[in-house]
Structures are given as C-alpha cells and as structure tokens.
There are 2 protein chains.
Amino acid sequence: GLRNSKRRNRRSAASLVVVDELAGQYEESFEDVKRQIVDYFTYKAVRTVLNQLYEMDPTQYRWFYDYVAANEHGYGKHFIRNLVKERQGLGERVMVTRLHLYGKWIKRCDHSEMYERISEQNLELMRERLMETVIWPPSTDSN
Amino acid sequence: GLRNSKRRNRRSAASLVVVDELAGQYEESFEDVKRQIVDYFTYKAVRTVLNQLYEMDPTQYRWFYDYVAANEHGYGKHFIRNLVKERQGLGERVMVTRLHLYGKWIKRCDHSEMYERISEQNLELMRERLMETVIWPPSTDSN
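Criteria and cut-off values
Residues numbered from 1 in each chain as written. Chains lettered and ligands numbered in written order. Predicted model: local features only at pLDDT ≥ 70, side-chain atom pairs only at ≥ 80, totals over all residues. Heavy atoms only, no water. Helix = DSSP H or I, 4+ residues; strand = E, 2+ residues; numbered from the N terminus. Contact = heavy atoms within 4.5 Å. Areas by Shrake-Rupley, 256 points an atom, 1.4 Å probe, with all protein chains shown as cover. Core = buried A, V, L, I, M, F, W, Y, C linked by side-chain atoms within 4.5 Å. Buried < 20%, exposed > 50% of the residue type's maximum accessible area, 1.4 Å probe, protein only. Salt bridge = Lys/Arg side-chain N within 4 Å of Asp/Glu carboxyl O. pLDDT = per-residue confidence, 0-100. Phe/Tyr/Trp six-rings, centres within 6.5 Å; stacked < 30°, edge-to-face > 60°. Lys NZ or Arg CZ within 6 Å of the ring centre and 35° of its normal. Expected span 1.5 Å × (residues − 1). Arc of directions from axis to C-beta.

### Some details on the overall build of chain A
Okay, so step 1: Each helix and strand in chain A was counted, giving eight helices and zero strands.
Okay, so step 2: Long-range pairs, those at least 24 residues apart, make up 62% of the contacts in chain A between residues at least 6 apart in sequence.
Okay, so step 3: About 7700 Å² of surface is accessible on chain A, with carbon and sulfur atoms providing 54% of the total.

Here's what the structure looks like:
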C-alpha cells in the first residue's frame, strides 16, 4: 500500500478523459505499473529497514518510525530525496535495500503463477455469485 | 494507487513487530508484492473499462464512475465481489480485462530494465544529494 495512493487515485479519476485522449499509447507502455512496482519496493524496503532497526538500533528505529508515520506523500522518488536530506545513512540504506529486494523478486516472480492466480480468483468470484443467485429446486422431502 | 492503501499501511506499521517475529519467511514469500500487483491490475482494469464506457455507454459510464469514486476499500477481491452484486456485467468485464491486461504485462515486463531503473534512480538521488552538500571551491575570479 502506498500512502499517497488515495490522492493519486483521485487525480487519476479526474484525469480519465485526458488518459482516454492519449489512447492506447498510455495503456501499452505500462509505465504506471512500473512506477507502482518501484514505489512498492521502496515501501517494502522501508519496512525491512524498520524491522532491522527495531532489533539493532531502537533510537534510530523510533525516529524512522515516526518519520514514516508522518509521511503523507507516498513512496515515490521524493520520499527518498527528503529522507536523504534528513538522515543520509537511512536514505542510502533504503535505496540499497529496495534494489536488493527487487533482485530477490526477479528470482521469485512467476508470471504464469500470477496469471493463474487472477484467473482462479475470477472463477471463484463467479462461482460465489452463481451460488448466491441460483434458485435451488425445492427439496423432495417437503413435497 | 490503491484506495485502501493508507489504512493498510497504518495497519502494517502497527504490526511491524509481528512481521518481525515471522522473520525471513514473510519477506521471502513476496506474497505482499503479488497481492499488490493483482490489486493494481484490478484498478487498471477499472480505468480501462471506464475509458471504454466513456466512448460507448455514457449512462453506464456515469454510474460506474460514481461507484468507483465512492469506493473507499481499495481494489482487493471484495471490490469485484461487491461490483458483481451491483452490476454483474460490469464485474465480469473488469475480471476479464484485468486478466487480459496481466497477459499483456507478461510480455512487457522486463526485470533487468526495472532493476536498472531502480539502480539508476538510486545513483541519481545520491548525485543530487552530493551536489547539494558539496562545498564548491571559491571562484578564482573573486580572489
């Protein structure tokens, strides 16, 4: 989850017409997906660093925890830019960690598993819906 | 961006200790990344369907636009579950679209490009910071 996503989402909704005008090009580039993934790995790196600090450096942990809690602008480039200004060491650590985590993800990402997962969930939701709407035949006992 | 992410983020922060106790296992599974990606493709499918309706079916567009604008619970499974109850056809269309979009993404996703992108952004942010903190030697003109 990204902190600024609610706002970003509103902006997206407001600019739907603009996106539509850009036509296929926008959808094809998947630039939004890429940005979303980079931001998520930044967020994941923040959590990982927090977990490490929790064990190793309570003072730094408390500071970073409060910093993250006060962050309302998501985990885009500006997040690290600002962090590096406040605590350069922490900023560098988050950067190294997100790259490391992405490297691990490359080995773990299984596109066909993900495709299956979406397909399965689609079917499951349709089954659920079917069960809700089906009119069961009256039980023969009650006749 | 996912609508419920702010709330989810708070929950994550609150349960950091729990996550820490689960140790490596949690981080290794990358289950959070997978869920994040599925939710994002649901969101992307919603936008795609909205774009299509905007051209083809203004009445349906208006209804769906308002429905999405009122949605405060993100784009998890429950989003489609609820949509399917309200307008089954739209729910099915979003499901088909997200699977289709993911299929396209499989062809577009370039892990090494993404890795490079993160690495480049890290370097760029470090360069920026360096430029801010460097003490420039006095110009020889002013001596």
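### A few points about the nonpolar core
Okay, so step 1: By size, the foremost hydrophobic cluster in this structure holds 64 residues, and its most contacted members are Phe64(A) and Phe64(B).
Okay, so step 2: Apart from residues no more than four positions distant in its own chain, Phe64(A) is found in contact with Val46(A), Val49(A), Leu50(A), Leu53(A), Leu83(A), Leu90(A) and Val94(A).

### Regarding the environment of Phe79(A)
All names here are of chain A.
Okay, so step 1: Summarising the element assignment, Phe79 is placed in helix H6 (residues 77–86).
Okay, so step 2: A C-alpha to C-alpha distance of 9.1 Å links Phe79 and Gly91, two positions twelve residues apart in sequence.
Okay, so step 3: Setting aside anything within four residues of it in sequence, one finds Phe79 in contact with Thr42, Val46, Tyr67, Val68, Asn71 and Gly74.

### With respect to the pattern of salt bridges
When their charged atoms lie close together, side chains carrying opposite charge are able to pair.
Okay, so step 1: Counted according to the given criterion, the structure contains 18 salt bridges over all chains.
Okay, so step 2: Where Glu132(B) meets Lys85(A), a salt bridge forms, and the shortest distance between an N and an O atom there is 3.9 Å. Of this pair, Glu132(B) sits in helix H8 (residues 111–133) while Lys85(A) is found in helix H6, placing the two residues in two different chains.
Okay, so step 3: The class of Glu132(B) is partly exposed, set by a relative accessible area of 44%.

### Quick word on the environment of Gly91(B)
Residues and elements named next belong to chain B.
Okay, so step 1: Within the secondary structure, Gly91 is located in helix H7 (residues 88–108).
Okay, so step 2: Considering only alpha carbons, one finds Gly91 and Arg81, ten residues apart in sequence, at a separation of 7.8 Å.
Okay, so step 3: Non-local contacts of Gly91, meaning those with residues more than four positions away in its chain, are made with Ile80, Leu83 and Val84.

### Concerning the confidence of the model for chain A
All names here are of chain A.
Okay, so step 1: For chain A, mean pLDDT is 84; residues scoring 70 or higher make up 78% of the total.
Okay, so step 2: Residue range residues 1–26 is modelled with pLDDT below 50. Its contacts to residues more than four positions away, or to other chains, number 59 contacts.
Okay, so step 3: Of the two predicted TM-score estimates for the complex, the pTM is 0.78 and the ipTM is 0.77.

### Topic: the packing of aromatic side chains
Residue and element names in this part refer to chain A.
Okay, so step 1: With the rule as written, the count across this model stands at 22 aromatic pairs over all chains.
Okay, so step 2: Among the aromatic residues, those joined into a cluster by ring pairs are Tyr40, Tyr43, Trp63, Tyr67, Tyr75 and Phe79.
Okay, so step 3: Seen from the ring of Trp63, Arg87 lies directly overhead, with NZ or CZ sitting 4.2 Å from the centre.

### As for helix H5 (residues 58–70) of chain A
Residue and element names in this part refer to chain A.
Okay, so step 1: In a regular helix each residue adds 1.5 Å, so 13 residues correspond to 18 Å; H5 covers 18 Å between its end C-alpha atoms and thus fits that length.
Okay, so step 2: Burial in H5 covers these residues: Tyr61, Phe64, Tyr67 and Val68. What you see down the axis of H5 is that its buried residues fit within an arc of 135°, all on one side. In H5, the exposed positions angled more than 90 degrees off the buried face are occupied by Pro58, Thr59 and Ala70.

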